[in-house]
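Structural overview
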Amino acid sequence: PSYDDHLSTATPTIAERLRDAGYRTMMSGKWHLGERPREWPVARGFDRSFALIPGAMNYYGGESSGSRAPMALDDKRYVPPHEGFFA
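Note that the structure is predicted; figures quoted are calculated from it, not measured. For every chain, the first residue of the written sequence is number 1, and numbering continues from 1 along that sequence. Predicted model: local features are reported for residues with pLDDT of at least 70 only, side-chain atom pairs are reported and counted for 80 or more only, and whole-chain, interface and lining totals are derived from all residues. The side-chain figures draw on all heavy atoms in the structure; neither hydrogens nor water molecules are used.

On to the overall build of the protein chain, then. Each helix and strand in the protein chain was counted, giving 1 helix and 4 strands. Helix and strand assignments come from DSSP, with helices taken as H or I runs of at least 4 residues and strands as E runs of at least 2, each series counted from the N terminus. From first element to last, N terminus to C terminus, the protein chain shows the α and β order α-β-β-β-β. Residue burial is assigned from relative accessible area. The probe radius is 1.4 Å, only protein chains are included, and a residue is buried under 20% of its type maximum, exposed over 50%, and partly exposed in between. For the protein chain, with 87 residues in total, the buried portion stands at 30%. Expressed as a percentage of contacts within the protein chain between residues at least 6 apart in sequence, the contacts between residues at least 24 apart total 36%. Throughout, a contact is declared for two residues whenever any of their heavy atoms are within 4.5 Å.

Structure representation (structure tokens):
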């Protein structure tokens, strides 16, 4: 099936192929290939990751809400500090 907001589990990622060949992999940056934890980079073959889970977002939080886009450090949600993170 075509892309539908996440990677198909039937199609291996390059990280999964590299892991199978004995390599270790890391990634950092925008993921936007699935927002559920089972779709995060470490679930798709990366040994380590620091990822902005959705593709397009406001990195600094909303003016009124103060919320930030979801981030992940490996297999855990990561909440950056509100001050100095992008200094």
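Now for the side chain of Ser 49. Here Ser 49 is to be found in strand S2 (residues 48-52). For Ser 49, a relative accessible area of 4% puts it in the buried group. If we ignore the near neighbours within four places in the chain, the residues touching Ser 49 are Met 27, Pro 41, Val 42, Ala 72, Leu 73 and Asp 74.

Before going further, it helps to examine the sheet that holds strand S1 (residues 26-30). Read from one edge to the other, the open sheet built from 4 strands follows the order S1-S2-S3-S4, with strand pairing classed as mixed. Strand pairing shows two members of the sheet lacking a second neighbour, S1 and strand S4 (76-78), which therefore form its edges. Within the sheet, the average angular offset between the axes of one strand and its neighbour, ignoring direction, is 25 degrees. By definition, two strands form a pair when at least two bridges between them are found by DSSP. To get an axis, fit a line to the C-alpha atoms, keeping to the stretch in contact for a helix; angles then go from 0 to 180 degrees between the N-to-C directions.

Bridge count between S1 and S2: 5 bridges; the pairing is parallel. Following the sheet pairing, Ser 28 is matched in S2 by Phe 50.

Within the fold, Asp 74 resides in the loop between strand S3 (71-73) and S4. A distance of 2.7 Å separates polar atoms of two side chains, one belonging to Asp 74 and the other to Arg 48. Apart from the residues within four sequence positions on either side, Asp 74 is in contact with Trp 40, Val 42, Asp 47, Arg 48 and Ser 49. Polar contacts, as counted here, are pairs of nitrogen or oxygen atoms within 3.5 Å of one another; within protein the pair requires one atom able to donate a hydrogen and one able to accept it, and residues that are adjacent in sequence qualify only if both atoms are side-chain atoms.

Planes of paired rings set the category: under 30 degrees apart is stacked, over 60 is edge-to-face and the rest tilted, where pairs are Phe, Tyr or Trp rings (Trp by its six-membered ring) whose centres lie within 6.5 Å. Scanning the model with the defined rule gives 2 aromatic pairs in all. Ring centres 6.1 Å apart and planes at 90 degrees place the aromatic pair Trp 31 and Phe 46 in the edge-to-face group. Here Phe 46 lies in the loop between S1 and S2 and Trp 31 lies in the loop between S1 and S2, a separation of 15 residues in the sequence. The buried category is assigned to Trp 31, whose relative accessible area is 6%. Among the residues examined, Phe 46 registers a relative accessible area of 15% and is labelled buried.

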